[in-house]
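# Structural characterization, general
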Amino acid sequence: MKIMNCPLNGPRNISEFAWGGELRAMPDPNTCGAHEWADYVFLENNTAGMVREWWCHVPTSFWFIAERDTVSDEIVRTYRATEVFKDRVEFKTAPLPGEPGS
Amino acid sequence: MPFGLLKYGLSRKHPVERHFPLPTELKPAYDVVIIGAGGHGLAAAYYLAAYHDITNVCVIDKGYLAGGNTARNTAIIRSNYLTPDGVRFYEESLALYRTLSEELDFNILYSERGHFTLAHTDAALRTSRWRAEVNKHMGVDSELIYPDDIHRLCPSLNLSHDVRYPILGALYHPPGAIARHDAVAWGYARAATRRGVEIHTNTEVIGIHEENGRVTAVETTKGVVRCGLAMQAVAGSSGRVAKLAGFRLPIKTIPLQACVSLPLKPFLDQIVVSGSLHIYISQTPRGELVMGGSTDPYGLYSSRSTLDFKEGLLGHMLELFPFLGDVHVARQWAGMADMTPDFSPIMGLTPLDNYYIDSGWGTWGFKATPVCGRRMAELIATGRVPDILYPFRLERFAEFAQVGEKGAASVGH
Ligand SMILES: Cc1cc2nc3c(=O)[nH]c(=O)nc-3n(C[C@H](O)[C@H](O)[C@H](O)COP(=O)(O)OP(=O)(O)OC[C@H]3O[C@@H](n4cnc5c(N)ncnc54)[C@H](O)[C@@H]3O)c2cc1C
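Remember, predicted model here, so these are calculated numbers, not experimental data.

### Digging into the side chain of Glu319 of chain B
Residue and element names in this part refer to chain B. Tracing the backbone shows Glu319 in helix α10 (residues 307–320). Of the side chains with opposite charge, Arg164 comes closest to the buried, unpaired Glu319, at an N-O distance of 6.4 Å. From its side chain, Glu319 meets the backbone nitrogen of Arg164 in a polar contact 3.3 Å long. Look past the residues within four positions of Glu319 in its chain and what remains in contact with it is Asn158, Val163, Arg164, Tyr165 and Leu277.

Okay, structure coming up:
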């Protein structure tokens, strides 16, 4: 069995985790164009080698970050998302039609 | 033919026919370079040579002939997809498959078995009904059947309610078939090389030269070859090769595993699939049970096998066929599947003018080998995207116009 180290729960069987895909910077949804947004949503680096990606420990719904080699399947490091995201991400939504500023 | 066989048996030489010419040196230039000698690349080369008279073609592969997913798949062929675009496309492939042995003069062991997609929940029944209606509208033989008919058609299946997920119904697709996967690739390779196409194996593409938005040459481990145009058909390596050409794809490379049992007496004529249990099974003409499931839970560039896969698969298999409890697994393997977000392929134009792509075949591309080869060849020869390929263009993602086939492709193969 493959073991992954959850920053919250310690070493666990990999079957307890869900893969969340690579970590990437989100463009501002209010200012970016449809093309840029589609790139962000769909296009993948699909890197062969070291990657930084989201993982979730499903039983506790705890999301964190793992560094993993996608060729050797080695998990090099796992850590809390707070190591990368120092500030809270605010999701400002675009104004609805009819609202001021729409 | 029987006479020829007799002569062969009595002769002392037992001459063996060479399927492909001996390898030669790469030429400095070709009209068309195809990257990837899997079924798709070889089929495109064949149709270019046979239907469009374009024979100055070179197919390059980093490994041995058709040793990628073409060698690893479980050979299920069907057209009972969910979207009209998907159904039309795969149905054309079935039509080509039916006559492929004659066309290539190479027996691909095409065998129509009948394909069952089992439904264990109301939601799965609803999707089956939806698929059946779309299929029938498109002229594809497909219907929703219930346990009494399932039992009549496939008596070895366990229809008891004393299981975790009782069977409520099935989408039945009589034309569902299997074929010998290696033979499909070898047949195309032989027919293509006979018409002058060159195949270079053990030659990896490591760079793509570009000038003013056009590909000028392909760099390989055996030197640089110039080309009029190029096409990539590299399945699990799609992202890596596209990166050489300077663009990214909406593709994740995720392993897909499969296994076979020791041979048993024939008892299962049909192909049985369960999307809810994440398994599928068929019996080869040699008697082995070919079994597979869904893709691995995370992306990886590796074809390693895992115990998790086998345990999960076989646990569910015993619900459908409890009497297989004592049967041994003979082999287990994996391939690298190029998965798209909408479970449909990506075919056609790319950001480079004379560079074409055939990718995103994930877990379902073997069945599409003939149609894809034929239509990609048409695109290359005429420069126009055939209508049947248009829905599968790379640009669909930027246009938010996906072709959602998850309900028909996830564990459907
Ligand atoms: C376990 C498994 C079961 C499957 N079951 C089914 C099924 O039942 N039905 C179905 O329809 N489909 C199935 N599939 C999917 C199907 O196998 C593939 O979609 C299909 O074979 C893809 O064919 P291809 O020719 O595009 O790719 P491949 O056969 O993988 O060929 C690609 C080739 O490109 C070469 N290559 C890669 N990078 C380079 C490079 N840089 N330079 C040169 N060459 C390169 C590789 O060596 C390889 O030979 C299954 C796949 C797997 C793994």
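### Remarks on the interface of chain B and chain A
Frequently, the measure chosen for interface size is the accessible area that the parts lose on association. At the junction of the two partners, chain B supplies 25 residues and chain A supplies 21 residues. Around 2100 Å² of area is buried between chain B and chain A when both sides are counted, 59% of it from carbon and sulfur atoms. Contact with chain A buries surface across chain B, with Arg248, Tyr298 and Tyr301 of chain B losing the most and accounting together for 32% of the total. Here chain B and chain A share two salt bridges between them. For Asp73 of chain A, the salt bridge identified is with Arg304 of chain B, shortest N-O distance 3.7 Å. Looking at the side of chain B that touches chain A, the elements with two or more residues in it are α9 (238–244), β13 (252–261) and α10 of chain B. In the side of chain B that touches chain A, the residues fall into 12 nonpolar, five polar and eight charged.

### Focus on the packing of helix α4 (residues 84–98) of chain B against helix α11 (residues 369–382) of chain B
All names here are of chain B. Contact pair α4 / α11: the axes reach a minimum separation of 7 Å and the direction vectors enclose 100°. With respect to α11, the element α4 is oriented roughly perpendicular. The segment α4 lies against α11, with Phe89, Glu92, Ser93, Leu96 and Tyr97 engaging Thr369, Pro370, Val371, Cys372, Arg374 and Arg375. Residue composition of the contact of α4 with α11, by class: six nonpolar, two polar and three charged.

### A short note on the nonpolar core
Residue and element names in this part refer to chain B. Within the largest apolar cluster, 69 residues are counted, with the highest numbers of intra-cluster contacts made by Leu42, Phe89 and Tyr188. Those residues in contact with Phe89, other than ones at most four positions away along the chain, are Met347, Trp361, Ala368, Val371, Cys372, Ile388, Leu389 and Phe392. In terms of nonpolar packing, the next biggest core, distinct from the first, is built from 28 residues, Ile35, Val205, Ile346 and Leu394 among them.

### Comments concerning α4 of chain B
Here α4 of chain B spans 21 Å end to end across 15 residues, near enough to the 21 Å set by a 1.5 Å rise per residue. Among all positions of α4 of chain B, only Gly86, Val87, Phe89, Tyr90, Glu92, Ser93, Leu94, Leu96 and Tyr97 of chain B are buried.

### With respect to the packing of helix α2 (residues 39–52) of chain B against α11 of chain B
Residue and element names in this part refer to chain B. For the pair α2 and α11, interaxial distance at closest approach is 7 Å and the crossing angle is 55°. Between α2 and α11, the interaxial angle falls into the category oblique. Viewed along their axes, α2 and α11 form a crossing whose handedness is right-handed. Of the residues in α11, those touching α2 at Gly39, His40, Ala43, Ala44, Tyr47, Leu48 and His52 are Thr369, Pro370, Cys372, Gly373, Arg374, Ala377, Glu378, Ile380 and Ala381. Residues belonging to the contact of α2 with α11 are distributed by class as follows: nine nonpolar, five polar and two charged.

### Examining the sheet that holds strand β17 (residues 329–339) of chain B
Residue and element names in this part refer to chain B. As summarised here, the arrangement of the eight strands in space is β6-β7-β5-β14-β15-β16-β13-β17, forming an open sheet in which the pairing is mixed. The sheet is open, and its two edges are formed by β6 (143–145) and β17, each paired on a single side. Each strand of the sheet is rotated relative to its neighbour by a mean of 20°, with strand direction disregarded. Two strands pair when backbone bridges link them, and β13 and β17 are joined in this way by 10 bridges, in the antiparallel orientation.

### Quick word on the packing of aromatic side chains
Enumeration according to the criterion identifies 25 aromatic pairs over all chains in this entry. For the pair Phe321 of chain B and Phe323 of chain B, a centre-to-centre distance of 6.1 Å together with 80° between the ring planes defines the contact as edge-to-face. Exposure remark for Phe323 of chain B: the relative accessible area of 47% places this residue in the partly exposed category. Cluster of aromatic residues (ring-pair linked, three or more members): Tyr81, Phe89, Tyr90, Trp361 and Phe392 of chain B. Here Arg24 of chain A stacks its cationic end above the ring of Tyr40 of chain A, 5.7 Å away from the centre of that ring. The side chain of Lys367 of chain B reaches across the aromatic face of Tyr90 of chain B, ending 5.9 Å from its centre.

### Topic: unusual backbone geometry
Phi at Ser61 of chain A is positive, roughly 55°, even though this residue is not glycine. Topologically, Ser61 of chain A is positioned in the loop between β4 (50–57) and β5 (62–69). Overall, the relative accessible area of 54% leaves Ser61 of chain A in the exposed class. Within the chain, Ala235 of chain B stands out as a residue other than glycine whose phi angle is a positive 40°. Locating Ala235 of chain B in the fold gives a position in the loop between β12 (223–232) and α9. Ala235 of chain B sits in the partly exposed class, given a relative accessible area of 24%.

What counts, and at which threshold
- Residues numbered from 1 in each chain as written.
- Chains lettered and ligands numbered in written order.
- Predicted model: local features only at pLDDT ≥ 70, side-chain atom pairs only at ≥ 80, totals over all residues.
- Heavy atoms only, no water.
- Helix = DSSP H or I, 4+ residues; strand = E, 2+ residues; numbered from the N terminus.
- Buried < 20%, exposed > 50% of the residue type's maximum accessible area, 1.4 Å probe, protein only.
- Lys, Arg positive; Asp, Glu negative; His and termini not counted.
- Salt bridge = Lys/Arg side-chain N within 4 Å of Asp/Glu carboxyl O.
- Polar contact = N/O pair within 3.5 Å; in protein donor to acceptor, adjacent residues only side chain to side chain.
- Contact = heavy atoms within 4.5 Å.
- Buried area = accessible area lost by both parts, 1.4 Å probe.
- Nonpolar A, V, L, I, M, F, W, Y, C, P; charged D, E, K, R; others polar.
- Axes fitted to C-alpha atoms, helices over the stretch in contact; angles between N-to-C directions.
- Parallel < 35°, antiparallel > 145°, perpendicular 65-115°, else oblique.
- Core = buried A, V, L, I, M, F, W, Y, C linked by side-chain atoms within 4.5 Å.
- Expected span 1.5 Å × (residues − 1).
- Left-handed = near helix turned anticlockwise from the far one by under 90°.
- Pairing = 2+ DSSP bridges.
- Phe/Tyr/Trp six-rings, centres within 6.5 Å; stacked < 30°, edge-to-face > 60°.
- Lys NZ or Arg CZ within 6 Å of the ring centre and 35° of its normal.

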